[in-house]
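Descriptive structure summary
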Amino acid sequence: MFSLTVRRHFMIAHSLPREVFGPAQSLHGATFVAEVTFRRRRLNQDAIVLDIGAAGTIIEEVLAGLNYRNLDEHPDFDGKLTTTEALAEYIARSVAAQLKDSDDGRELAGIDVTLRENPDAWATFTLDLVG
């Protein structure tokens, strides 16, 4: 299995209105480093998983809809908690949707999104695209 990881960062505001989240129940900001890993079983005809520039552009387009936004007001998250894990899934599915009609997208085996909140805490969502 081959993989390519591209990372970008984005900033959001949100609240997590449940007691388990302690002080994060209140509106607060977070800066995330998003690491998006594209996996495929065989390299393409150019001997790559995916063009790094194209991958970066897709990630930037997905993150543009989140960056500097209050996710409590974002229509895609109406009635949902915007935990790190939930955001990782949202990003993975959004990236996959952008790639679904491309030749490289059809050959991908999966996409992993790791969101790092700080050097000591992160969450990952793995989206398998085959099988």
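Thoughts on the overall build of the chain
- Summing up its helical and strand segments, the chain has three helices and five strands in all.
- Secondary structure of the chain in N-to-C order comes out as β-β-α-β-α-α-β-β.
- What you see for the chain is a C-alpha radius of gyration of 15 Å, in line with the 14 Å of a compact globule of 131 residues.
- If one aligns the C-alpha atoms of the chain with their principal axes, the spans along those axes are about 50 × 30 × 25 Å.
- Considering the chain as a whole, with its 131 residues, one finds that 41% of them fall into the buried category.
- Partitioning the contacts of the chain with sequence separation of at least 6, the portion at a separation of at least 24 is 65%.
- Of the roughly 7,600 Å² of accessible surface on the chain, 48% is carried by carbon and sulfur atoms.

Thoughts on unusual backbone geometry
- With phi around 65 degrees, Ala 47 is a residue other than glycine that occupies positive phi space.
- Residue placement: Ala 47 occurs in the loop between β2 (28-40) and α1 (52-64).
- Here the phi dihedral of Tyr 68 falls at roughly 60 degrees; this positive angle occurs in a residue that is not glycine.
- Its location among the elements puts Tyr 68 in the loop between α1 and β3 (69-70).
- Relative accessible area serves as the criterion here: at 63%, Tyr 68 is assigned to the exposed category.

As for the pattern of salt bridges
- Per the stated rule, a full pass over the model turns up seven salt bridges.
- Residues Arg 7 and Glu 35 are paired through a salt bridge, measuring 3.8 Å at the closest nitrogen-oxygen approach. Highlighted residues: Arg 7 in strand β1 (residues 2-14) and Glu 35 in strand β2, separated in sequence by 28 residues.
- Close ionic contact of Arg 39 with Asp 112 constitutes a salt bridge, the shortest N to O distance being 3.0 Å.

Notes on the pairing of β2
- Of the pairings in the sheet, the one linking β1 to β2 comprises 13 bridges and is antiparallel in character. Directly across from Ile 12, in β2, lies its bridge partner Ala 30.
- Of the pairings in the sheet, the one linking β2 to strand β4 (residues 110-118) comprises seven bridges and is antiparallel in character. Opposite Glu 35, over in β4, you have Thr 114 as the bridge partner.

Some details on α1
- For α1, which comprises 13 residues, the first-to-last C-alpha distance of 18 Å matches the rise-based estimate of 18 Å (1.5 Å per residue) to within 8%.
- Where α1 begins, one side-chain oxygen reaches toward the backbone nitrogen of Gly 53, 3.1 Å away; that side chain belongs to Asp 51.

Cut-off values and rules
- Residues numbered from 1 in each chain as written.
- Predicted model: local features only at pLDDT ≥ 70, side-chain atom pairs only at ≥ 80, totals over all residues.
- Heavy atoms only, no water.
- Helix = DSSP H or I, 4+ residues; strand = E, 2+ residues; numbered from the N terminus.
- Rg over C-alpha atoms; globule rule 2.2 N^0.38 Å.
- Buried < 20%, exposed > 50% of the residue type's maximum accessible area, 1.4 Å probe, protein only.
- Contact = heavy atoms within 4.5 Å.
- Areas by Shrake-Rupley, 256 points an atom, 1.4 Å probe, with all protein chains shown as cover.
- Salt bridge = Lys/Arg side-chain N within 4 Å of Asp/Glu carboxyl O.
- Pairing = 2+ DSSP bridges.
- Expected span 1.5 Å × (residues − 1).
- Polar contact = N/O pair within 3.5 Å; in protein donor to acceptor, adjacent residues only side chain to side chain.

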